[in-house]
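Architecture and fold: a report
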Amino acid sequence: MTNLIAALDTPSLEEGLGLVDKLGDSVEWFKVGSRLFCLSGPTAVRELKKRGKKVFLDLKFHDIPNTVANAVEAVAGSGADMVNVHALGGSEMMRAAAGAAKKSNPEPLIIAVTVLTSMNDDSLREALGSEAPCAPETHAPRLAEMAKNSGMDGVVCSAWEIEAIRRVAGDDFKLIVPGIRPSGTDIGDQKRVATPAMATEKGADFIVVGRPIYAARNPAEAANAITAEIARATKQ
Ligand code: C5P
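One structure accompanies this document, and this report is about it. Remember, it's a predicted structure, so these values are computed and weren't measured experimentally. (Residues numbered from 1 in each chain as written. Predicted model: local features only at pLDDT ≥ 70, side-chain atom pairs only at ≥ 80, totals over all residues. Heavy atoms only, no water.)

All right, on to the packing of helix α1 (residues 13-23) against helix α3 (residues 42-50) then. Remark: α1 packs on α3, axes separated minimally by 11 Å, with the N-to-C direction vectors making an angle of 20°. The pairing of α1 with α3 is recorded here as roughly parallel in orientation. Handedness of the α1/α3 crossing: right-handed. Across the interface between the two elements, Leu13, Leu17 and Val20 of α1 pack against Thr43, Ala44, Glu47 and Leu48 of α3. Grouping the amino acids of the contact of α1 with α3 by side-chain chemistry returns five nonpolar, one polar and one charged. (Axes fitted to C-alpha atoms, helices over the stretch in contact; angles between N-to-C directions. Helix = DSSP H or I, 4+ residues; strand = E, 2+ residues; numbered from the N terminus. Parallel < 35°, antiparallel > 145°, perpendicular 65-115°, else oblique. Left-handed = near helix turned anticlockwise from the far one by under 90°. Contact = heavy atoms within 4.5 Å. Nonpolar A, V, L, I, M, F, W, Y, C, P; charged D, E, K, R; others polar.)

Turning our eyes to something else, we now look at the environment of Val27. Considering the arrangement of structural elements, one finds Val27 in the loop between α1 and β2 (29-33). Sequence separation between Val27 and Ala223 is 196 residues, and the spatial gap between their C-alpha atoms is 7.6 Å.

This part takes up the packing of aromatic side chains. Across all of its chains, the model carries one aromatic pair by this definition. Between the aromatic rings of Trp29 and Phe206, the centroid separation amounts to 5.0 Å while the plane-to-plane angle is 70°, which identifies the pairing as edge-to-face. Here Phe206 lies in strand β8 (residues 206-209) and Trp29 lies in strand β2, a separation of 177 residues in the sequence. For Trp29, a relative accessible area of 7% puts it in the buried group. Looking at Phe206, the relative accessible area reads 6%, which means it is buried. (Phe/Tyr/Trp six-rings, centres within 6.5 Å; stacked < 30°, edge-to-face > 60°. Buried < 20%, exposed > 50% of the residue type's maximum accessible area, 1.4 Å probe, protein only.)

This next bit is on the nonpolar core. Residues Val72, Val85 and Ile207 are the most contacted members of the largest nonpolar core, which totals 63 residues. In terms of residues, this core owes the most to one element, helix α5 (residues 91-102), which gives six residues. For Ile207, the residues in contact, after removing those within four places along its chain, are Thr2, Asn3, Leu4, Ile5, Val177, Ile180, Pro196, Ala199, Ile226 and Ile230. Core analysis: the second largest hydrophobic core is formed by 11 residues, Trp29, Phe56, Val113 and Val208 among them. (Core = buried A, V, L, I, M, F, W, Y, C linked by side-chain atoms within 4.5 Å.)

Attention shifts here to the sheet that holds β8. Spatial ordering of the closed barrel is given by β1-β2-β3-β4-β5-β6-β7-β8, a layout of eight strands whose pairing is parallel. Shown here is a sheet whose adjacent strand axes are inclined to one another by a mean of 25°, direction ignored. Direction of pairing for strand β4 (residues 82-86) relative to strand β5 (residues 109-113): parallel, over a ladder of five bridges. Bridge pairing links Asn84 to Ile111 in β5. Against the sheet, helix α4 (residues 65-76) contacts β3 (54-61), β4 and β5, and its axis sits at roughly 160° relative to β3. (Pairing = 2+ DSSP bridges.)

Here you go:
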């Protein structure tokens, strides 16, 4: 079953928690990203936990192994249910992160970002150098395999790479999929996008949805429509 994670990329914690209250029981998982964490720190996680919610703390650590391990230990202690690092930090860094996550009780899921869903062939070529092979559909499965071998519980990827990643990492590996756009909504800065139904049919464990919910005129209606789309796609 695909779970919906609503991204709380709001300008303040008050607005974020207002959105949580508006969405009520229809959404269980929320994502705290760098904006909210820079504004309010672990309080954001604690407030969500007080409301009985599950928290994906999306800070995408990318640093030397020792620094990342210490940061993962710190955020895991805040009570987050899922935390993440960048796979491009390397296997040694991911192993250090996985070891740090294990020290926490309860242990959060530790996830690696493969290739950002805001990147395409051109932006990846620009970042990696013009001689390197630059297709996200080649890099994402390779990084996912490396992440699995380094003790990660799953990866963040686009819906476009789900099948290739399942082939190398198997069915138990968690796939968290942002870049979700219900049909008719604005793509914004995302490039490798998919509808909730497409991501569900391909086998995403979680879809991450930000602007299509928090910037909607009626966020509860938008979230309910996405949940209904997931349910229809699951039955097919
Ligand atoms: O507003 P939108 O639905 O595009 O938000 C997607 C959310 O998922 C943002 O908070 C973004 O930081 C996050 N994300 C992403 N791509 C990744 C990892 C996380 O878009 N690879």
